[in-house]
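Chains, contacts and geometry: an overview
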Amino acid sequence: MVGTGLTGKSFDIPKRLIWEAYLKVRSNKGAAGVDGQSLVEFEQNEQNNLYKLWNRLSSGSYFPPPVKAVEIPKAGGVGVRTLGIPTVADRIAQTAVAMTLEPTVEPLFHRDSYGYRPGRSALDAVGACRQRCWEQSWVIDLDIQGFFDNVPHDPILRAVDKHTDQPWVLLYVHRWLVAPIQQPNGTLVTRDRGTPQGSAISPLLTNLFMHYAFDMWLAREQPKSRFERYCDDAVVHCASEEQADYVRSRIADRLATFGLRLHPEKTRIVYCHQDGRPGLDHPVDTEFTFLGYTFRPRTARLRNGDLKTGFLPAVSKHAMKSMAAVIRGWRLGRCTRLTFIQVAKMINRIVAGWINYYGRYYKSLLIAFLSRQINPHLVKWAMRKYKHLHYAPARARKRLAHIATNHPRIFAHWRHGALPAGSTTGAV
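Note that the structure is predicted; figures quoted are calculated from it, not measured.

Quick word on the pattern of salt bridges
Scanning the entire structure with this criterion turns up 11 salt bridges. Between Asp215 and Arg229 there is a salt bridge, with its nearest N and O atoms 2.8 Å apart. Here Asp215 is found in helix α9 (residues 202-221), whereas its partner Arg229 is found in strand β6 (residues 227-230), with 14 residues between them in sequence. There is no split in this pair, since Asp215 and Arg229 are both buried. Note that Arg268 is salt-bridged to Asp285, the shortest N-O span being 3.2 Å. With a gap of 17 residues between them, Arg268 in strand β8 (residues 268-271) and Asp285 in the loop between β8 and β9 (288-290) connect regions that are remote in the sequence. Overall, Asp285 belongs to the partly exposed group, its relative accessible area being 34%.

Here it is in structure tokens:
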């Protein structure tokens, strides 16, 4: 389905835009929405489905179906987070609007806004935070309570209207904001606030709201307080505890004008303690977690071999708990129908992803964790796979160490030094 928009419609929406949005949605995959239609099913009648969507969007008669609510555990396993899953067609329509709006607003966004932006990543935000914790001694670890459930619609719509001359973009953004959510029990919940996590348009709308409500306001009102923001998650740096108290109060007042509030327990002021900075005569937090990394005083070896305590990021306990749950779920000890190479192929892509993200900073902690978590499961696999190792864990561990010594690159974590105990090369 290619071509340009046709005359005689309420809105001139290019057919090619819908096609390109569809290609992007198809590459991202994703679950079915409330209509139960999967991407595979959508593809079976691809041309007709895309034409109907374009026709309805162009005529102004497109009304988004309800968003399917799916509950997933929060990081650390405490509580749940609700994601909104649009239908396949709705994801395509949202992506088309995002593709139309993004080229205009993206160049305006603040350099310290990192979430869901081209050429920027969560690791970039972690790196910037790491550098600034060395430069300034205090941090405000911000948590906006129930942001995605409570963000107001009017400021978002005003911002969209300011940055587009396409009336259909504003029309459909409004319809998506007020589209009902279908709860797991089937009930529909209408909305006058909030934007569901999981929708294709939500990250852009979040960045647009926070650009005016937070980024530019903080840069204007508190220019000495640098920050990193990833969607609704932000860290603000300050030179003193007094300044941090003041800036936190100002931020709370600013967000209150939009009906938002800082979480009273999760928003904290943290002292970035490291060698060369004075101790304090009163209790204060000395660690915080940002984008899966916990920042706290850690021992590091300098290039000259000396040890020094710096305020450094490393994989968080919550992230390790989530990874451990995934590893247990593999049930490697029961995969006896697979060869050793097949077991490696099954898990390597996931483990390599963990290493690429959580191993960027203070990698040794992650590698030691992966060694403790994965290698014992491989021993269990060997004990169940081979009869002569059924009741011989010591022999199974020795056999695994022998394999690792001779083939240290079979598993992704072995390539980074997480070899089993007894290996003769790089054992952890």
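Concerning empty space enclosed by the protein
By the definition in use, this model includes 1 cavity of 30 Å³ or more. What the largest cavity holds in volume is close to 70 Å³. Val67, Asp90, Gln94, Trp176, Leu177, Ala179, Arg191, Thr195, Pro196, Ser199, Ile201 and Leu205 are the residues that line the largest cavity. Mapped onto the lining of the largest cavity, the elements with two or more residues apiece are α4 (88-105) and α8 (167-178). Of the residues in the lining of the largest cavity, the class split is 7 nonpolar, 3 polar and 2 charged.

What counts and how
Residues numbered from 1 in each chain as written. Predicted model: local features only at pLDDT ≥ 70, side-chain atom pairs only at ≥ 80, totals over all residues. Heavy atoms only, no water. Salt bridge = Lys/Arg side-chain N within 4 Å of Asp/Glu carboxyl O. Helix = DSSP H or I, 4+ residues; strand = E, 2+ residues; numbered from the N terminus. Buried < 20%, exposed > 50% of the residue type's maximum accessible area, 1.4 Å probe, protein only. 1 Å grid on protein atoms, 1.4 Å probe; cavity = no way out; pocket = protein on both sides within 12 Å on 5 of 7 lines; lining within 4 Å. Points joined across faces, edges and corners; volume = space filled by probe spheres on them. Nonpolar A, V, L, I, M, F, W, Y, C, P; charged D, E, K, R; others polar.

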